[in-house]
Amino acid sequence: MTFQASGSFDIEAWDAEKPYEEQDGGKLTRVHVGKQFHGDLVGTSTTELITVETPAGPAAYVGIERVQGILHGREGTFVLQHSAGSEDGTPDTQWLRWLIVPTSGTGELAGIRGLGQITVTADGGHTWTLEYTLD
């Protein structure tokens, strides 16, 4: 059975960006992020991101996020793999996707698999959707 979940999250921590390569006006940066989830998922997460910035502005990021919480009444953890970016540095052309890493679920979320999406709202907040299955 496929489940739909949605909600919002707050960024609780954004550690100082740590550039590790700068070349031709662009840079690669490492960032550690902490979040608080609300909605169908109530919990917290820690994320490690690698970001790409070009002379035109932020261009893309990838990341690994460990989520701990309660999803539709089931408690456990799972890991999200992020893929995100923008074609021209503007929110109008951005994509922000999640993949639940197979075999990463624990507790009552063991066997979880799925895909999700983040949306940045007009006021700079974040909403999310997740479509998932449980073995």
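A.B. asks: What should I look at first to understand the overall build of the chain in this one?
C.D. replies: Each helix and strand in the chain was counted, giving 0 helices and 9 strands. Along the chain, helices (α) and strands (β) appear in the sequence β-β-β-β-β-β-β-β-β when read from the amino end. Taking 14 Å as the expected radius of gyration for a compact globule of 135 residues, we find that the chain reaches 15 Å, a close match to that expectation. A principal-axis box enclosing the C-alpha atoms of the chain has dimensions of 50 × 30 × 25 Å.

A.B. asks: Explain the side chain of Thr47 here, please?
C.D. replies: Topologically, Thr47 is positioned in strand β4 (residues 41–54). Thr47 sits in the buried class, given a relative accessible area of 2%. In terms of polar contacts, Thr47 uses its side chain to reach the side chain of Glu65, at 3.5 Å. With residues near it in sequence (within four places) discarded, Thr47 still touches Val31, His32, Val33, Lys35, Ile64, Glu65 and His82.

A.B. asks: Quick question: what am I supposed to make of the environment of Val52 here?
C.D. replies: Position of Val52 among the secondary structure elements: in strand β4. Among the residues examined, Val52 registers a relative accessible area of 31% and is labelled partly exposed. Sequence spacing of Val52 and Lys27 is 25 residues, and the spatial spacing of their C-alpha atoms is 6.0 Å. In this view, Val52 contacts Lys27, Leu28, Pro58, Ala59 and Ala60; residues no more than four positions away in its chain are not counted.

A.B. asks: Just to check I follow, could you spell out the nonpolar core for this structure?
C.D. replies: Within soluble globular proteins, side chains that are nonpolar tend to cluster in buried spots. Within the largest apolar cluster, 23 residues are counted, with the highest numbers of intra-cluster contacts made by Leu71, Phe78, Ile112, Trp128, Leu130 and Tyr132. Looking at this core, the elements that each hand over two or more residues are β1 (2–14), β3 (26–39), β4, β5 (57–71), β6 (74–86), β7 (94–100), β8 (112–120) and β9 (126–134). Per element, the largest residue contribution to this core is 4 residues, and it comes from β9. The residues contacting Ile112, other than those within four sequence positions of it, are Leu71, Phe78, Ile100, Gly105, Tyr132, Thr133 and Leu134.

A.B. asks: Even after reading the chapter, I still don't get the pairing of β6, so can you show me in this structure?
C.D. replies: On a regular strand, each side chain points to the face opposite its neighbour's, so the side chains alternate between the two faces of the sheet. Here 12 bridges tie β5 to β6, and the two strands are oriented antiparallel to one another. Looking across to β6, one finds that Ile64 is bridged to Gln81. Counted along the chain from β5 to the antiparallel partner β6, the turn is 2 residues long, and its residue His72 has a positive phi close to 50 degrees.

A.B. asks: Teacher, can you tell me more about the confidence of the model for the chain here?
C.D. replies: Atomic detail in the predicted coordinates should be set aside for any region of low pLDDT. Of all residues in the chain, 96% have pLDDT values of 70 or greater, and the mean over the chain is 92. Across the chain, β9 holds the top mean pLDDT of 97, while strand β2 (residues 18–23) sits lowest at 88.

Here is what the cut-offs are and how they apply
Residues numbered from 1 in each chain as written. Predicted model: local features only at pLDDT ≥ 70, side-chain atom pairs only at ≥ 80, totals over all residues. Heavy atoms only, no water. Helix = DSSP H or I, 4+ residues; strand = E, 2+ residues; numbered from the N terminus. Rg over C-alpha atoms; globule rule 2.2 N^0.38 Å. Buried < 20%, exposed > 50% of the residue type's maximum accessible area, 1.4 Å probe, protein only. Polar contact = N/O pair within 3.5 Å; in protein donor to acceptor, adjacent residues only side chain to side chain. Contact = heavy atoms within 4.5 Å. Core = buried A, V, L, I, M, F, W, Y, C linked by side-chain atoms within 4.5 Å. Pairing = 2+ DSSP bridges. pLDDT = per-residue confidence, 0-100.

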